[in-house]
Amino acid sequence: LLSVSLDGVGLYDVLEQRYGMHVVHASETLQARSADAEDEKILKVRKLASVISIERIAYTYQDEVIEVRSTVGRSDSFRYAIQLGQAPSTPHIDD
């Protein structure tokens with residue numbers, strides 16, 4: 001998976017088409033919190049600035065964990081949009 005380019009294609013599409021792994025449900029939490037030292041350095045925010053944190057765990061049909069993700073963004077420029085389900089015209093992943 002590390003050698004697969006995700007340019008213009010979604011991770012879940014690659015997992016499904018190349019590996020036969022389907023993400024069927026996920027648990028996601030979005031919350032505001034204060035930046036820690038790592039956030040301050042990476043996001044270039046002041047000490048204890050407000051950031052948005054998203055934690056996701058996604059599962060297969062067999063209820064196996066297929067994705068664990070932590071995302072942190074600056075609260076002054078954060079935008080969150082999500083589309084659930086498969087788009088009508090999912091691009092095909094080339095082998």
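Residues numbered from 1 in each chain as written. Predicted model: local features only at pLDDT ≥ 70, side-chain atom pairs only at ≥ 80, totals over all residues. Heavy atoms only, no water.

Caption draft 1: Structural view of the pattern of salt bridges. What the rule picks out here adds up to six salt bridges. Here Glu28 and Arg69 are joined by a salt bridge, their closest N and O atoms 3.6 Å apart. Pair noted here: Glu28 is in strand β1 (residues 25-34) and Arg69 is in strand β3 (residues 65-74), with a separation of 41 residues, a long-range link. Taking the shortest distance from any N to any O, the salt bridge between Asp76 and Arg74 comes out at 2.7 Å. A relative accessible area of 27% means that Arg74 is categorised as partly exposed. (Salt bridge = Lys/Arg side-chain N within 4 Å of Asp/Glu carboxyl O. Helix = DSSP H or I, 4+ residues; strand = E, 2+ residues; numbered from the N terminus. Buried < 20%, exposed > 50% of the residue type's maximum accessible area, 1.4 Å probe, protein only.)

Caption draft 2: Region of interest: the environment of Asp39. Tracing the sequence through the fold places Asp39 in helix α2 (residues 37-43). For the pair formed by Asp39 and Val72, sequence separation is 33 residues and the distance between their alpha carbons is 7.5 Å. Excluding residues within four positions of it along the chain, Asp39 makes contact with Arg33, Ser34, Lys44, Val45, Val51 and Val72. (Contact = heavy atoms within 4.5 Å.)

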